[in-house]
Amino acid sequence: MTATLEPAPTPIRPDHHGLRVTQLRVIRSEWTKFRSLRSTLYTLLLAVVFMIGLGALFSGIQAGQAQGFDPGQTATSASLTGTFFAQLAIGVLGVLVITGEYSTGMIRASLAVVPARLPMLWAKLAVCAGAVFLTMLASSITAFTIGQLLLSGKHLDASLSDPGALRSIIGAALYLSVAAITALALGAVLRNTAAAISTFVAVFFVVPPLTMLLPASWTDHFVQYLPSNAGGMLIDGTYGVAHPLSPWTGFAVMCAYAVVLIGFAAWRLRRADA
Amino acid sequence: MIEVKNLSKRYGEKLAVDGVSFVVHPGMVTGFLGPNGAGKSTTMRMIAGLDRPTAGDVVVNDRRYRSCRAPMAELGVLLEAKAVHTGRSARNHLLALAQTNGVSSKRVDEVIDLVGLRSVAGTRVGGFSLGMGQRLGVASALLGNPQTVVLDEPSNGLDPEGVLWMRTMLKSLAADGHTVFVSSHLMSEMAQTATRLVVIGRGKLMADTTVAEFIARASASTVTVRTPEASRLRELLIAPDITISAGQPDVLHVDGLTAQHIGTIAWQAHLPIYELTVQQASLEQAFMELTSDSIEYRTTTSADPHTETVAS
């Protein structure tokens, strides 16, 4: 036995009790965070209301108009009109998932227990995308069903087996999921609720209609590549875009924007002080 | 164990921490003292891996914290009160933190009881007082029963009972072999809790020593003598290197002699002594002497030095 000059008692070795950070555990943690805030639940509920309520409203208006659909619109797209309003609530939701942590200081507690940091970002993206996809899929199925019921009075309704109908229903949920993670990545890059929400609203909601006021000779070259116009191609209808991308190409373009933003968010999270 | 090696942190023009090195040992409470703006919180954030050092290195339990597999078993931190989402309940907050490392929900309830928050565990944190926020922060630091605990101003906002509770808890953690590193600007609190002290001022290390040594080194002790023969005793004691000041007519304050020595001289001269008291310099005084040049935010009227360090 060797004598030691250490004045302190020998340190206890941490008994880890199976403690370890895994991606699945961090996802579980982020789910707890997600479901335990009223603000996230309210914004998600608002998206459901927009999706179903506005889908019914626009279908009802179409059913009331004798002359059928506007150019670029179909029975399916009319019943899913709510998507473009639901994206506002979804964008706020995505932003709040991350900026809520920066504004309250919670981020420091979160990163202190996951010092590798990136697992937290992946978990937030997964939980946010998953929750948005499932609720919005249920909402878009409901919106389609109610919408077609209203249109059937004028025999304008589409059925699920019609070309593009199923793709549009699932597409609305996919579109909103990617919008949510784009907003989340924006929040992670900007770290400020107001800045991230305004940027999201500008890009997804303000710029697309504004481009219609510009000369078509040059907007025709790029409007189809705006994230909302590109992703929106998954849902029936062209919405005034002269040269629309094909549905899945459009969706891939929208995803590409999200991936670039997420990459930037991950880089900033790793590099910058919390 | 925490090893801080030549640690520096620069924020723009300002060097918040400037080449600081020290080691925090297990089995005792180490106090981290410094005036406001000295760099205490910045150093603690770098220990927890939240801020990236401009230069230097921090090692926690022989590892880099960022690459720990079980971070909550290694290090528990309370960095500022209410690093908490205000819309969440205390229990859900702790549960979310616990789940990242696989800490059981049973342990979550255990720490809630440990810090005395059971009755409010289900209510939203936004309504918590500063003291309750501190207790919640301590609970989150202890979730993984970590080897090393880092607490930034844990007594801030606690009532006297809470301060006592905190002191007892820190000492028992240290007695169990944990490494406990606690910052404070309340010197009196540290004097009763800490065994060792790390003192910084303006980002630089000023002392790394035991509490007892720190007081002894920073200030010699003064002996107060009460005697009706004050002027005669004064003549007997006076010598170079010894300063004697008189407060009241029958009181002398002697620097440079022990109480034993003064008592013997008085007895030999048959002078009656009514009181003979060693005035130990307080940790507060020692701290003020050491850091008087390094206070970042000086008040314009510096009549009372205490207001400078305690004001926040």
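Residues numbered from 1 in each chain as written. Chains lettered and ligands numbered in written order. Predicted model: local features only at pLDDT ≥ 70, side-chain atom pairs only at ≥ 80, totals over all residues. Heavy atoms only, no water.

## Some words on the sheet that holds strand β1 (residues 2-11) of chain B
Residue and element names in this part refer to chain B.
Reasoning step 1: With antiparallel pairing, three strands are arranged side by side in an open sheet as β2-β1-β4. Each edge of the open sheet carries a strand with a single partner, namely β2 (14-24) and β4 (55-60). Direction aside, neighbouring strands of the sheet carry axes that sit 20° apart on average.
Reasoning step 2: On the sheet, helix α1 (residues 40-47) packs against β1, β2 and β4 and is oriented at approximately 120° with respect to β1. (Pairing = 2+ DSSP bridges. Helix = DSSP H or I, 4+ residues; strand = E, 2+ residues; numbered from the N terminus. Axes fitted to C-alpha atoms, helices over the stretch in contact; angles between N-to-C directions. Contact = heavy atoms within 4.5 Å.)

## Points about the packing of helix α1 (residues 23-35) of chain A against helix α6 (residues 118-151) of chain A
Residue and element names in this part refer to chain A.
Reasoning step 1: In contact at an axis separation of 8 Å, α1 and α6 are set at 55° when each is read in the N-to-C sense. The angle between α1 and α6 falls in the class oblique. When the axes of α1 and α6 are compared, the crossing they make is right-handed. For the pair formed by α1 and α6, the contact residues are Gln 23, Val 26, Ile 27, Glu 30, Trp 31, Lys 33 and Phe 34 on the first element and Pro 119, Met 120, Trp 122, Ala 123, Lys 124, Ala 126, Val 127, Cys 128 and Ala 131 on the second. (Parallel < 35°, antiparallel > 145°, perpendicular 65-115°, else oblique. Left-handed = near helix turned anticlockwise from the far one by under 90°.)

## Observations concerning the interface of chain A and chain B
Reasoning step 1: Every contact between the two is made by 42 residues of chain A and, on the other side, 46 residues of chain B.
Reasoning step 2: Across the chain A to chain B interface the summed buried area is about 3800 Å²; carbon plus sulfur atoms make up 56%.
Reasoning step 3: Where chain A touches chain B, the interface holds one salt bridge.
Reasoning step 4: The salt bridge involving Asp273(A) is made with Lys9(B); its shortest N-O contact spans 2.7 Å.
Reasoning step 5: At the boundary of chain A and chain B, one finds 17 residue pairs in polar contact (both at pLDDT 80 or more).
Reasoning step 6: When its residues are assigned to classes, the side of chain A that touches chain B shows 18 nonpolar, ten polar and 14 charged. (Buried area = accessible area lost by both parts, 1.4 Å probe. Salt bridge = Lys/Arg side-chain N within 4 Å of Asp/Glu carboxyl O. Polar contact = N/O pair within 3.5 Å; in protein donor to acceptor, adjacent residues only side chain to side chain. Nonpolar A, V, L, I, M, F, W, Y, C, P; charged D, E, K, R; others polar.)

## A short note on the packing of aromatic side chains
Reasoning step 1: Summed over the entire model, instances satisfying the criterion amount to eleven aromatic pairs over all chains.
Reasoning step 2: Aromatic pair Trp218(A) and Phe222(A): ring centres 6.0 Å apart, planes at 40°, arrangement tilted.
Reasoning step 3: For Phe222(A), a relative accessible area of 30% corresponds to the partly exposed category.
Reasoning step 4: Aromatic side chains Phe22(B) and Phe32(B) sit 5.8 Å apart centroid to centroid with 45° between the ring planes, which places their arrangement in the tilted category. Note that Phe22(B) is positioned in strand β2 and Phe32(B) in strand β3 (residues 29-33), a separation of ten residues in sequence.
Reasoning step 5: The class of Phe32(B) is buried, set by a relative accessible area of 0%.
Reasoning step 6: Through a chain of ring-to-ring contacts, the aromatic side chains of Phe58(A), Phe85(A) and Phe205(A) assemble into a single cluster.
Reasoning step 7: In this arrangement the basic side chain of Arg135(B) is found over the ring face of Trp165(B), its NZ or CZ atom lying 4.6 Å from the centre. (Phe/Tyr/Trp six-rings, centres within 6.5 Å; stacked < 30°, edge-to-face > 60°. Buried < 20%, exposed > 50% of the residue type's maximum accessible area, 1.4 Å probe, protein only. Lys NZ or Arg CZ within 6 Å of the ring centre and 35° of its normal.)

## Concerning the nonpolar core
Taken as a class, soluble globular proteins show a tendency for nonpolar side chains to be buried jointly.
Reasoning step 1: Grouped together as the largest cluster of nonpolar side chains are 79 residues, with contacts concentrated most on Ile90(A), Val132(A), Ile47(B) and Phe181(B).
Reasoning step 2: Setting aside chain neighbours within four positions, we find Ile47(B) in contact with Ile2(B), Val4(B), Val58(B), Val60(B), Tyr65(B), Leu75(B), Val150(B) and Phe181(B).
Reasoning step 3: With 61 residues, the next largest nonpolar core counts Met166(B), Met187(B), Ala194(B) and Val199(B) among its residues. (Core = buried A, V, L, I, M, F, W, Y, C linked by side-chain atoms within 4.5 Å.)

## Section: the confidence of the model for chain A
Residues and elements named next belong to chain A.
Reasoning step 1: Of the residues in chain A, 93% reach a pLDDT of 70 or more, and the chain-wide mean stands at 91.
Reasoning step 2: In the model of chain A, helix α9 (residues 216-219) stands out as the element of lowest mean pLDDT, 85, in contrast to α1, which has the highest, 98.
Reasoning step 3: Counting contacts from residues 1-14, a segment whose pLDDT is below 50, to residues more than four positions away or on other chains yields 17 contacts. (pLDDT = per-residue confidence, 0-100.)

## Things to note about the domain arrangement of chain B
Reasoning step 1: Assigned domains within chain B: domain 1 (2-216) and domain 2 (220-279).
Reasoning step 2: Centre-to-centre, using C-alpha coordinates, domain 1 of chain B lies 45 Å away from domain 2 of chain B. (Domains from an automatic or database assignment.)

## Focus on the UniProt feature "transmembrane region" (unreviewed entry) in chain A
Reasoning step 1: Mapped onto this numbering, the UniProt entry annotates "transmembrane region" (unreviewed entry) at residues 41-64, 84-104, 125-149, 169-190, 197-218 and 248-267 of chain A.
Reasoning step 2: For residues 248-267 of chain A, the helix share is 100%, the strand share is 0%, and the end-to-end C-alpha distance is 28 Å. (UniProt positions renumbered as here; feature names shortened; annotations may be inferred.)

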